[in-house]
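Structural overview
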Number of protein chains: 2
Amino acid sequence: MSDWSHQILAGDLRALARAATAVENRRPEAEVLLQELFPHTGKSKIIGITGSPGAGKSTLVDRFIHQLRGENKTVGVLTVDPTSPYTGGAILGDRIRMLSHHADEAVFIRSMATRGCLGGLAASTTDMAVLLDAAGKDVVLVETVGVGQDEVEIARLADATIVVLVPGMGDDVQAIKAGIMEIADVFVINKSDQPGAEQLEREIKAMQSLSTRKDGWVPPIVRTVASDGQGIADSLSAVRSFLERDSGKDRAVENWSMRLREMLRERLLERFTDLNFQAAAEEILARRSDPYTIVREWVERNAN
Amino acid sequence: MSDWSHQILAGDLRALARAATAVENRRPEAEVLLQELFPHTGKSKIIGITGSPGAGKSTLVDRFIHQLRGENKTVGVLTVDPTSPYTGGAILGDRIRMLSHHADEAVFIRSMATRGCLGGLAASTTDMAVLLDAAGKDVVLVETVGVGQDEVEIARLADATIVVLVPGMGDDVQAIKAGIMEIADVFVINKSDQPGAEQLEREIKAMQSLSTRKDGWVPPIVRTVASDGQGIADSLSAVRSFLERDSGKDRAVENWSMRLREMLRERLLERFTDLNFQAAAEEILARRSDPYTIVREWVERNAN
């Protein structure tokens, strides 16, 4: 095993930060490292936090960190922001309100953004969680910004997923809610001091009464006011109940299946970095060829 | 050329609907059809409409249809809903407010949702736009639901992209806005009769003053109140100005490059449908193997 791996396993922060950068930039040494570290993982719990924009996810995450640190747990935080493909790093970079934790060596915070069209954020997030696990973090919080398919996929890769909702949002948000309803292991109604919390809880319960989960789990609904710390301990104990249930193994198998899909997708596309997309696009625009023929030829050429 | 292709080129609605279903289900005959039709395309304009949840995108689309029909243009509408991976069709199905156009043979409306983990919605949307182009639609409106990376990618594939914003949204929405700022060819401030429209316009202008686009285009800002039809004609004429500018060719090349990437991604993953993800996940959980070794072996085996 390399010195680097030893340092990470020993909890060396600088070694960990360097590894995180290598993973993010998909450097070849990152894969060697991850492979070395993998047998030493499996101890930390990954908690995904997703929900509508404006639901107060970041404030919640901030409170979760405080709570977990109070229980003497070490924490890793990954902020996933696939809506900002244009910034070099993540747009929300080192978010100001998390700066308070930066002085705390037991908290490791990293923002992740998509880079380029072929970017596989789910694969990178998985790799990063493996790293944090190896570095001895007890809990890895994965916060997603936005509510698209990517975020849903990433939140699903967690051991437990919290879906954060707020009272009094409009119709479109209801539609989005329907999309993320089925990935919730725990519902958090944040800003629950605002009008409509009661009604929102009724709506969630109504949806839950319509269908039962394969694993029989009925996701608890916890009310919070993250801004003043209400309901934080309850949220985490709801997560703990979920993690301690009997069917955890099935979920872990399902999770790794999905993670493998993402990693495969990533690896496949890496082999096609030398294609001349622009020249092909010009052929298409001139109607000298068509995209179906071009792509078929690319795939066939690469298969041989 | 097949009878089916002839029928679609002649504008036969039933043949078109059948083709749309074949494309959505990724049936092999769809590719043959698309390849036959492709030389007859390139006439219609694709307009992407994206923006925050609750911004009133659907109402806008509805008004655009009315306006375009008034100009005697034929219209195709694709509603892309990647946030609902769990429904067989799209969650918003045949959206009620669009039913008024269903009787109009010159309007073809289709909802699209993601199916399964390896789903390539961007590729399917491109294929569907090719179909509608071949069927003689003058304009194809692509409305995305939600604001994730997928939606951004799909909206970018259009010939012109409208980003819809509304006054008075919170912090997270501002963050999302930053993510979609750079794909806007036209900004629409909808619900502009609400407080904050002025300020939002100033914010957009402030962002625009910070950076200039490669193509020199300064996206116009149009205020609308879609619910009573205000600003609809102005929005479309802003789009028209964009489509008629000199640098349209560059954008078309860039668009087809991105579309090719999506199609390639799609085709590559199709070859891996027989992998046993579950067995692999169990090996990983038992730490008998690691995901990096497994994926590398899959890729290598398939390459030979």
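What you see is a predicted model, and the numbers here were worked out from it, not measured in a lab. (Residues numbered from 1 in each chain as written. Chains lettered and ligands numbered in written order. Predicted model: local features only at pLDDT ≥ 70, side-chain atom pairs only at ≥ 80, totals over all residues.)

With that settled, consider the overall build of chain A. Scanning chain A from N- to C-terminus turns up 13 helices and seven strands. Out of the 304 residues in chain A, the part that is buried amounts to 48%. Counting only contacts in chain A whose residues sit at least 6 apart along the sequence, the fraction spanning at least 24 positions is 77%. (Helix = DSSP H or I, 4+ residues; strand = E, 2+ residues; numbered from the N terminus. Buried ≥ 20, exposed ≤ 12 C-beta atoms within 10 Å, placed from the backbone. Contact = placed C-beta atoms within 7 Å.)

Here the focus is the confidence of the model for chain A. All names here are of chain A. Overall, the prediction assigns chain A a mean pLDDT of 82, with 83% of residues at 70 or greater. The model gives residues 84–97 a pLDDT under 50, and that stretch makes 33 contacts with residues more than four places away or in other chains. Between residues 115–119, whose pLDDT stays under 50, and residues either more than four places distant or in other chains, the model counts five contacts. Quick note on the complex model: pTM equals 0.64, ipTM equals 0.79. (pLDDT = per-residue confidence, 0-100.)

Below, the discussion takes up unusual backbone geometry. Residue and element names in this part refer to chain A. Phi angles above zero are rare outside glycine, and Arg 287 is one such case at about 55°. Looking at the element boundaries, Arg 287 is found in the loop between helix H12 (277–285) and helix H13 (291–303). Classification of Arg 287 by C-beta neighbours within 10 Å gives exposed; the count is 12.

Next up on the list: helix H10 (residues 248–270) of chain B. The end-to-end C-alpha distance of H10(B) is 33 Å, a good match for the 33 Å that 23 residues give at a rise of 1.5 Å each. Of all the positions in H10(B), only B:Arg251, B:Trp256, B:Arg259, B:Leu260, B:Arg261, B:Glu262, B:Met263, B:Leu264, B:Arg265, B:Glu266 and B:Leu268 are classed as buried. (Expected span 1.5 Å × (residues − 1).)

Moving on to the nonpolar core. Counting residues in hydrophobic clusters, the biggest one holds 154 residues, and the most contacted among them are A:Leu131 and B:Leu131. Inspection of this core shows a minimum of three residues originating in each of domain 1 (40–270) and domain 2 (274–304) of chain A. Leave out the neighbours within four places in its chain, and B:Leu131 touches B:Leu16, B:Ala19, B:Ala20, B:Val23 and B:Leu37. (Core = buried A, V, L, I, M, F, W, Y, C linked by C-beta atoms within 7 Å. Domains from an automatic or database assignment.)

Before going further, it helps to spend a moment on the environment of A:Ile204. Relative to the assigned elements, A:Ile204 resides in helix H9 (residues 197–210). In the structure, A:Ile204 is positioned 15 residues away from A:Pro219 in sequence and 9.8 Å away in space, judged by C-alpha atoms.

Looking now at the packing of helix H2 (residues 13–24) of chain B against helix H5 (residues 121–134) of chain B. If you want to describe how two helices pack, look at the angle between their axes and the distance between the axes. Residue and element names in this part refer to chain B. At a minimum axis separation of 10 Å, H2 and H5 run at an interaxial angle of 165°. Considered as vectors, H2 and H5 are oriented roughly antiparallel to each other. In this structure, H2 meets H5 at a crossing whose hand is right-handed. Together, Leu 16, Ala 19, Ala 20, Val 23 and Glu 24 of H2 and Ser 124, Asp 127, Met 128 and Leu 131 of H5 make up the contact between the two elements. (Axes fitted to C-alpha atoms, helices over the stretch in contact; angles between N-to-C directions. Parallel < 35°, antiparallel > 145°, perpendicular 65-115°, else oblique. Left-handed = near helix turned anticlockwise from the far one by under 90°.)

Bringing the pairing of strand S5 (residues 160–165) of chain B into the picture now. Consecutive side chains along a regular strand alternate between the two faces of the sheet. All names here are of chain B. Among the six residues in S5, six count as buried, and that is most of the element. Neither face of S5 is left uncovered, since the one carrying Ala 160, Ile 162 and Val 164 and the one carrying Thr 161, Val 163 and Leu 165 both have all their residues buried. Two elements, strand S1 (residues 45–51) and S5, share five bridges in a ladder whose sense is parallel. Across the sheet, the residue bridging to Ile 49 is Ile 162, located in S5. Two elements, S5 and strand S6 (residues 186–189), share four bridges in a ladder whose sense is parallel. Each residue of the ladder has a partner; that of Val 163, found in S6, is Phe 187. (Pairing = 2+ DSSP bridges.)

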